Amino acid sequence: MEPSINPIEECDATCMGSEAELNRIKEGLIDDQAASQVADWFKAFSDPTRVKLIDALLQRELCVHDLTVLLGMGQSAVSHQLRYLRNLRIVKRRKEGKTVYYSLDDTHIEQIFVQTLQHTQHG
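Residues numbered from 1 in each chain as written. Predicted model: local features only at pLDDT ≥ 70, side-chain atom pairs only at ≥ 80, totals over all residues. Heavy atoms only, no water.

**Observations concerning the pattern of salt bridges**
For step 1, the next point in the chain: Enumeration according to the criterion identifies 3 salt bridges in this entry.
For step 2, the next point in the chain: In this structure, Glu61 and Arg94 form a salt bridge, with 2.7 Å as the shortest nitrogen-oxygen distance. Here the residue Glu61 occupies a position in the loop between α4 (48-59) and β1 (62-63), and Arg94 occupies one in strand β2 (residues 91-96), the gap between them amounting to 33 residues.
For step 3, the next point in the chain: Between Glu96 and Arg94 there is a salt bridge, and its shortest N-O distance comes to 2.8 Å.
For step 4, the next point in the chain: According to the relative accessible area criterion, Arg94 is partly exposed, its value standing at 35%. (Salt bridge = Lys/Arg side-chain N within 4 Å of Asp/Glu carboxyl O. Helix = DSSP H or I, 4+ residues; strand = E, 2+ residues; numbered from the N terminus. Buried < 20%, exposed > 50% of the residue type's maximum accessible area, 1.4 Å probe, protein only.)

In structure tokens:
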């Protein structure tokens, strides 16, 4: 019977990271609050409806009615998703009379969305 290999011992024998290097990395790790915010941000991209809304707004600023037509959804459902995205500062709104227009909050949203889309299509 072969002796079992302790995975920690195996790692200790083969890893190149020194304690000082690991401490340096640990000090530079994202803090808990920022990690939570990033996770919430990526959760926003985990819903196909929200992805479609972002994609539509990538084209141009649109009113809620136009978004309901494009997605084939009710105004209440679209407004709910837009509120979710607005709370995460992914989209912003502008009122003109009674009409509310939505657009992407900034170019970072566009860049991240486009890069993610390109990544999914090149595989």
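Next comes the rest of the description.
**Comments concerning the nonpolar core**
For step 1, the next point in the chain: Membership of the largest hydrophobic core comes to 21 residues, with the highest contact counts inside it found for Ile54, Leu57, Leu67, Leu82 and Ile90.
For step 2, the next point in the chain: Every element with two or more residues in this core is listed here: α3 (32-44), α4, α5 (64-71), α6 (75-87), β3 (99-104) and α7 (107-121).
For step 3, the next point in the chain: When residues in this core are grouped by element, the largest group, 4 residues, is from α4. (Core = buried A, V, L, I, M, F, W, Y, C linked by side-chain atoms within 4.5 Å.)

**Points about the packing of aromatic side chains**
For step 1, the next point in the chain: Within the structure shown, the criterion is met by 3 aromatic pairs.
For step 2, the next point in the chain: Pairing Trp41 with Phe45 gives two aromatic rings, centres 4.6 Å apart and planes at 45°, and the pair type is tilted.
For step 3, the next point in the chain: The exposure class of Trp41 is buried, given its relative accessible area of 15%.
For step 4, the next point in the chain: Since its relative accessible area comes to 18%, Phe45 is described here as buried.
For step 5, the next point in the chain: Ring plane angle 35° and centroid distance 6.4 Å describe the contact between Phe45 and Phe113, whose orientation is recorded as tilted. You can see Phe45 sitting in the loop between α3 and α4 and its partner Phe113 sitting in helix α7, a full 68 residues away along the chain. Residues Phe45 and Phe113 agree in their burial class; the two are buried.
For step 6, the next point in the chain: Linked through ring pairs, Trp41, Phe42, Phe45 and Phe113 together constitute an aromatic cluster. (Phe/Tyr/Trp six-rings, centres within 6.5 Å; stacked < 30°, edge-to-face > 60°.)

**Comments concerning the pairing of β2**
For step 1, the next point in the chain: Note that β2 and β3 share 6 bridges and pair antiparallel. Counted as the bridge partner of Arg94 is Tyr101 from β3.
For step 2, the next point in the chain: Adjacent in sequence and paired antiparallel, β2 and β3 are bridged by 2 residues, among which Gly97 carries a positive phi angle near 65°. (Pairing = 2+ DSSP bridges.)

**As for the packing of α5 against α6**
For step 1, the next point in the chain: Direction vectors running N to C along α5 and α6 enclose 110°, while the axes themselves pass 9 Å from each other. As summarised for this structure, α5 and α6 are arranged roughly perpendicular, according to the angle between their axes. Here α5 contributes Val64, Leu67 and Thr68 to the contact with α6, which in turn contributes Gln75, Val78, Ser79 and Leu82.
For step 2, the next point in the chain: Residues belonging to the contact of α5 with α6 are distributed by class as follows: 4 nonpolar, 3 polar and no charged. (Axes fitted to C-alpha atoms, helices over the stretch in contact; angles between N-to-C directions. Parallel < 35°, antiparallel > 145°, perpendicular 65-115°, else oblique. Contact = heavy atoms within 4.5 Å. Nonpolar A, V, L, I, M, F, W, Y, C, P; charged D, E, K, R; others polar.)

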